[in-house]
Each structure stands twice: as structure tokens, then as C-alpha cells.
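Coordinates in review
Chain by chain, the residues run as shown.
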Amino acid sequence: MNYFSSDFKLGILGGGQLGKMLLSETRKFDIQTYVLDPSPEAPSRMACNQFFQGSLMDYDTVYNFGKKVDVLTFEIELVNLEALEQLEIEGIKVYPSPKTLRGIQNKGRQKAFYKENNLPTSDFSTYASLKELMVAFLGGKLPIPFVWKSTEFGYDGNGVKIIRDASDLENLPDVECIAEDMVPFKNELAVIVVRNPSGEIKTYPVVEMEFHPEANQVEYVICPARIDEKVALKARTLALQVSEAFSHVGLLAVEMFQTENDDILINEVAPRPHNSGHYSIEASYTSQFENHLRAILDLPLGATDSKINGIMVNLVGEEGFSGDVVYENIEKILAIDGVTPHIYGKRETRPFRKMGHVTIVNSNMEEARKVAEEVKKTIRVISQKK
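Residues numbered from 1 in each chain as written. Predicted model: local features only at pLDDT ≥ 70, side-chain atom pairs only at ≥ 80, totals over all residues. Heavy atoms only, no water.

Spatially, the three strands line up as an open sheet ordered E19-E17-E21, and their pairing is antiparallel. Strand pairing shows two members of the sheet lacking a second neighbour, strand E19 (348–349) and strand E21 (380–383), which therefore form its edges. As paired elements, strand E17 (residues 323–328) and E19 share two bridges and run antiparallel to each other. The residue bridging Gly323 from the neighbouring strand is Thr349, located in E19. (Pairing = 2+ DSSP bridges. Helix = DSSP H or I, 4+ residues; strand = E, 2+ residues; numbered from the N terminus.)

Encoded structure:
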């Protein structure tokens with residue numbers, strides 16, 4: 001099929017920042033792109049050929065949107081699976097497939113999948129509700145500390161909480177959830193795997209993730225991870241095993257723990273472009289977004305090697321600020337060599353909302369890390385004074 005400067009149409013479910021960055025690649029290749037998102041102010045609205053407003057969880061909305069395109073992909077997992085399954089039956093190519101997404105969308109089902117396929121992960125238990133979890137906790141069957149996760153609708157640190165005492169269980173939503181054992185770990189790592197329908201498969205280098213302790217969001221992504229080569233090989237090998245088990249097409253981001261004994265455990269996965277791969281826009285021969293596009297169109301995959309060391313700093317809304325966004329001191333970081341800000345197009349900020357990221361590239365990793373710290377301290381995402 002001719003995808004370029006043609007009548008071919010690619011559909012993207014979700015119009016957030018991931019969709020916006022994917023659209024930079026469709027524009028580069030002159031591929032017609034349709035986007036569906038519930039918000040009329042979605043960041044992707046400015047860069048697609050046609051924008052449609054509607055719910056991603058509504059069967060009819062997703063089905064009718066899918067009938068307008070030739071290939072359908074998504075930038076967020078919270079979409080109507082039944083509509084995707086029907087579209088696939090009717091000949092619309094959906095990547096990653098609804099089958100893959102069904103095994104990932106619910107975190108309880110995802111964790112069970114790892115156990116069923118003998119893939120290493122932390123021990124866990126699933127509860128139909130918070131009330132059911134409380135019965136286990138009060139009965140002494142759920143020792144603390146543990147990690148509470150909502151099985152659905154969690155993102156960017158939402159739907160996750162470390163439970164260290166009984167008071168941490170207060171005000172949690174009464175939803176299906178899992179309780180995971182706390183894993184003593186040295187590092188949180190991630191590997192992005194890219195695979196096309198023909199079976200060509202590649203992995204990006206292992207990255208190291210540093211998290212904000214309060215918001216449970218990634219603050220820094222460091223590529224390559226500062227780990228032993230044997231550990232890196234272990235992580236990439238496990239990521240390939242996870243990819244094979246899910247039979248995914250497109251990108252699969254595999255988040256992992258490196259334990260104190262250098263074992264690698266799977267935390268969770270995302271079947272789409274991922275925060276841990278944003279560094280690749282500046283630092284890799286082929287960005288994660290271009291390779292996702294290549295994969296879902298069954299084109300040859302691009303090189304995943306890094307051209308240079310890369311560190312990504314997330315830009316999130318400062319605590320105490322809500323309203324029309326201001327990127328304070330952005331001109332100061334623009335004056336630093338090797339620094340590239342990405343602004344996501346969200347007009348309103350609020351505490352810990354992801355508003356953008358900054359990539360730092362440098363041939364010297366220690367210098368890159370220093371610059372990343374300087375960037376983090378300098379730029380502030382605040383709101384306009386009323």
C-alpha cells in the first residue's frame with residue numbers, strides 16, 4: 001500500500017502529547033492522519049488532517065471513527081475494546097491488536113499474564129474492591145508495606161500508592177485493585193521494544209528512571225542506564241520475552257526493577273510510545289515515534305542506537321499553581337547548549353500535570369546529568385497571576 005502523499009488514512013485514538021509527537025512523524029512522511037479525543041483542546045488537534053471530538057470509551061464513537069481509516073492505533077490504553085475487536089473483524093488493521101491490549105489494559109490481568117507465562121514479576125494479590133482488600137488487611141493476610149494499584153484508569157502516578165500503615169488506606173477509591181509486594185531495588189529501568197507485523201524486532205537501549213517521591217512520576221530518564229552490561233543484557237532479553245508473549249505490534253515499553261541481587265523483575269508495560277522513550281527524539285538515530293509508525297505500517301524498522309547520551313527531564317505543574325500556564329525561565333534553558341524543550345500544548349496547568357519535557361544531549365554523561373539538574377532547578381511551570 002502507498003502510505004505517502006496518498007488517500008491512505010491513519011487513525012489515532014487519543015489526542016494528547018503522545019499523539020502530538022507521533023504526528024510530527026506523519027507530517028514528515030505526508031501521511032493523512034485522523035485523531036479522536038474527548039477534549040476540544042487536545043494537543044493533537046493542531047497537527048492532524050482531521051480532528052474528531054468524542055469519548056474513547058464509547059462503542060459507537062470509536063467504531064464509527066475506526067470505519068473512516070485504514071489503520072488504527074492509540075496513544076492511550078483506555079479505549080473501547082469491543083469496538084476495536086469489531087473493527088478488526090471487519091478488516092480494519094488495529095495495532096497493537098485488541099487481544100494484546102486486553103491483556104494489558106487491566107493491571108490485575110496483566111500481572112496474572114506474567115505469572116502464567118513464567119515471566120518474573122513481584123508477588124501480588126487481586127481484590128474486587130477496597131472493602132475486600134480491607135478484610136484481608138485487617139485479618140493479617142496482607143502485611144505492610146505493599147503497593148496498592150487500581151487495576152484500571154491509572155496513569156502518571158494516579159491509581160498507585162505505597163501503603164506503609166493503616167492511615168494510607170484512607171480515602172482510596174472503592175475499586176478493583178491489586179496489592180503488590182514491595183520490591184527492594186537498586187534501579188527502575190525500562191526497555192522499549194519495537195516490532196512490525198512481518199516479525200522484525202528491535203530494542204532500544206536500557207534507560208534508567210528516577211521518580212518524584214511524592215507524585216510517583218518520572219522526573220528523569222537517563223540513556224544509557226548507568227548499569228553493568230550484563231544487567232543491561234538481562235533487561236533487554238527479558239523485554240524481548242515479554243514482547244513475544246504479548247505478540248504485540250508497534251511499541252512496547254517494559255518497565256522493570258533491578259533488585260539488590262541484580263535480578264530483573266517486570267513492573268508493568270505500555271503498548272504505545274512512552275515517557276521513557278522521549279529522549280530518543282534528539283538522542284537516537286530513529287525516535288520511538290517514527291519507529292512506532294514504521295512498525296504499524298509494516299515498514300522496515302529504523303536503527304534504535306543512540307547517537308549521543310540523552311537525559312529527559314519531565315516538566316510538570318508546580319504545586320500551588322493552577323490556571324493559564326507560564327513556562328518561567330524557559331529562555332534561560334534555551335541558552336544552554338544541547339537543551340531542547342518540548343511543550344505539549346496544554347493551556348492550563350495544575351499541580352503535577354505533565355506539561356512538557358526537556359531533552360539534554362551531551363557526549364559526557366556526567367555533564368549531561370549536571371545540565372539536567374540545572375534545567376530542573378531553573379524552569380518552573382506556573383500559572384499567570386490574576
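Now that the structure has been shown, we can carry on.
For helix H5 (residues 107–116), the full list of buried residues reads Lys107, Gly108, Gln110, Lys111, Phe113 and Tyr114. Its side-chain oxygen placed 2.9 Å from the backbone nitrogen of Gly108, Asn106 serves as the N-cap of H5. Two residues or fewer past H5, Asn118 is found with a positive phi of approximately 55°. (Buried < 20%, exposed > 50% of the residue type's maximum accessible area, 1.4 Å probe, protein only. Polar contact = N/O pair within 3.5 Å; in protein donor to acceptor, adjacent residues only side chain to side chain.)

What follows concerns the packing of helix H2 (residues 59–66) against helix H3 (residues 81–89). At a minimum axis distance of 8 Å, the contact between H2 and H3 shows a crossing angle of 30°. Considering the angle they form, H2 stands roughly parallel to H3. Of the two possible hands of crossing, H2 and H3 adopt the one that is right-handed. Residue-level contacts link Tyr59, Val62, Tyr63 and Gly66 of H2 to Glu82, Ala83, Leu84, Gln86 and Leu87 of H3. Its residues placed into classes, the contact of H2 with H3 shows six nonpolar, two polar and one charged. (Axes fitted to C-alpha atoms, helices over the stretch in contact; angles between N-to-C directions. Parallel < 35°, antiparallel > 145°, perpendicular 65-115°, else oblique. Left-handed = near helix turned anticlockwise from the far one by under 90°. Contact = heavy atoms within 4.5 Å. Nonpolar A, V, L, I, M, F, W, Y, C, P; charged D, E, K, R; others polar.)

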